[in-house]
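# Residue-level structure breakdown
Letter by letter, the chains look like this.
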Amino acid sequence: MSDEQDLAQQKKEAAAKAKAAALARRQSKESVTVEREGNMNVAKQKAAAAAKAKAVALARRQSKESVTGEPEGNMDVAKQKAAAAAKAKAAALARKQSKESGIEESEGNMDVAKQKAAAAAKAKAAALARKKELVSKEEDPEKAKAKAIAAAKAKAAALAKKKELVGKEEDPEKAKAKAIAAAKAKAAAAAKTRARVEGSTEVHTPDEPSPNQSILDQIVQAIERSLGQGALTDYYINNLSKDVPTLVAKPDTYFQIAKILRYDEQLNFHYLSELHGTDFETHMEIYVHLYSFNTNHSAALKVKLDRDSPVVPSLVPLWSGANWPECEAYDLLGILFQGHPDLKRILLGEDWIGYPLRKDYQPYDVEV
């Protein structure tokens, strides 16, 4: 009898195991079905999985109790394992759904990018079609050909006219002589213009008086008190040079006027900032710019010299700063400054022939 009972018990255990395996397969299929159901809420899926796991655990427990009559402690262990398995399964399902949602989003973005690319392609194609349409609406080939022929004829006519004019020109020698004569005439006209400007006493003045007019009047009064009214040939406000009061002296009163400007207590132009000479072809000219730090005023002194023998007193005894500028004017223009302590050439050698800043200067050795 014991063998029969053992066999019956083994059959029961085998049947219970087969039932549990079938139930596990069913649950596996059902879990796959649950995973594929995309519209099911994750919370609902978790609840359903938990309920199913609980049902499976309960069924196992009942099956074991009916077959083997195992104690409560073993059932608790089986229940815990079933719960852990259900949690792991739910976590795997959640991860899968998260990945699927990410893929759906990326696919959505790809769809948007594809739509933009398609729209851009359509716009490009439309622009190309419009361009082709405009080109097709252009003049027909015959008109375009006629227009090109007309343009070519006009160009050929202009070229022929230019060649005709060149052919009528004088020979090279005559053309060269004509160019030289034109250049000389232009230079002569410019010289006459400069001579009129320098010799004229008319100065264009603005509608309003210059703010330096009172300074000019003060200087002129000081000079006329000492030297008389004939000491200056002209005086004016130079509107083209910051309204500087400008005095034009005679060669024989040049030094006396400079002395008054230097030592008069009210004028006191004790700084010589500039001295240079200029060749105006009709005459030479010395320009001196003075400044007073006491009154913050400027003044200019000019003197016109004979071009053939330009001689004028040196201002070095009054302003030591006139030393090198006078040497430069002597070096480049040939102006002699009487009373200069050491008049010499400072740019060119002593054996240099001529004065380079003269308008009629010709190099001694033209081949160099």
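Residues numbered from 1 in each chain as written. Predicted model: local features only at pLDDT ≥ 70, side-chain atom pairs only at ≥ 80, totals over all residues. Heavy atoms only, no water.

## Let's talk about the packing of aromatic side chains
Think of a pair of aromatic rings as described by two things: how far the centres are apart, and how the planes are tilted against each other in angle. Inclusion rule: To pair, rings of Phe, Tyr and Trp, with the six-membered ring standing in for Trp, must have centres within 6.5 Å; the planes then decide the type, stacked if under 30 degrees apart, edge-to-face if over 60, and tilted in the middle. Per the convention used, a helix needs a DSSP run of H or I reaching at least four residues, while a strand needs a run of E reaching at least two, with both numbered from the N terminus. To sort residues, take the accessible area from a 1.4 Å probe on protein chains only and compare it with the maximum for the residue type: under 20% means buried, over 50% means exposed, and anything in between is partly exposed.
On inspection of all chains with the given rule, the structure shows two aromatic pairs. On the basis of an interplanar angle of 50° and a centroid distance of 5.6 Å, the ring pair of Tyr271 and Phe293 is categorised as tilted. You can see Tyr271 sitting in strand E3 (residues 271-279) and its partner Phe293 sitting in the loop between strand E4 (284-292) and strand E5 (297-305), a full 22 residues away along the chain. Take Tyr271: its relative accessible area is 39%, and that puts it in the partly exposed class. A centroid spacing of 5.0 Å and a plane angle of 80° characterise the contact between Tyr291 and Phe293, whose relative ring orientation is edge-to-face. The structure contains a cluster of three or more aromatic residues connected by ring pairs, namely Tyr271, Tyr291 and Phe293.

## Considerations on the packing of helix H6 (residues 213-227) against helix H7 (residues 254-263)
When two helices pack together, their arrangement is given by the angle between their axes and by how far apart the axes lie. To keep it simple, the criterion reads: Simply put, an axis is a line fit to the C-alpha atoms, just over the touching stretch for a helix, and the angle between two N-to-C directions goes from 0 to 180 degrees. Here the word oblique covers every angle except those under 35 degrees (roughly parallel), over 145 (roughly antiparallel) and from 65 to 115 (roughly perpendicular). Handedness of a helix crossing follows the sense of rotation of the near helix relative to the far helix, less than a right angle counterclockwise being left-handed and clockwise being right-handed. The criterion used for residue contact is that any of the two residues' heavy atoms lie within 4.5 Å. Under the scheme applied here, ten amino acids are nonpolar (Ala, Val, Leu, Ile, Met, Phe, Trp, Tyr, Cys and Pro), four are charged (Asp, Glu, Lys and Arg), and all others, including Gly, are polar.
Running from N to C, H6 and H7 cross one another at 125°; their axes reach a closest spacing of 10 Å. Viewed along their axes, H6 and H7 adopt a mutual orientation that is oblique. Regarding H6 and H7, the two cross each other, and that crossing is right-handed. Across the interface between the two elements, Ile219, Ala222, Ile223, Ser226 and Leu227 from H6 touch Gln256, Ile257, Ile260 and Leu261 from H7. Of the residues belonging to the contact of H6 with H7, the class tally is seven nonpolar, two polar and no charged.

Taken by themselves, the reported measurements are silent on function.
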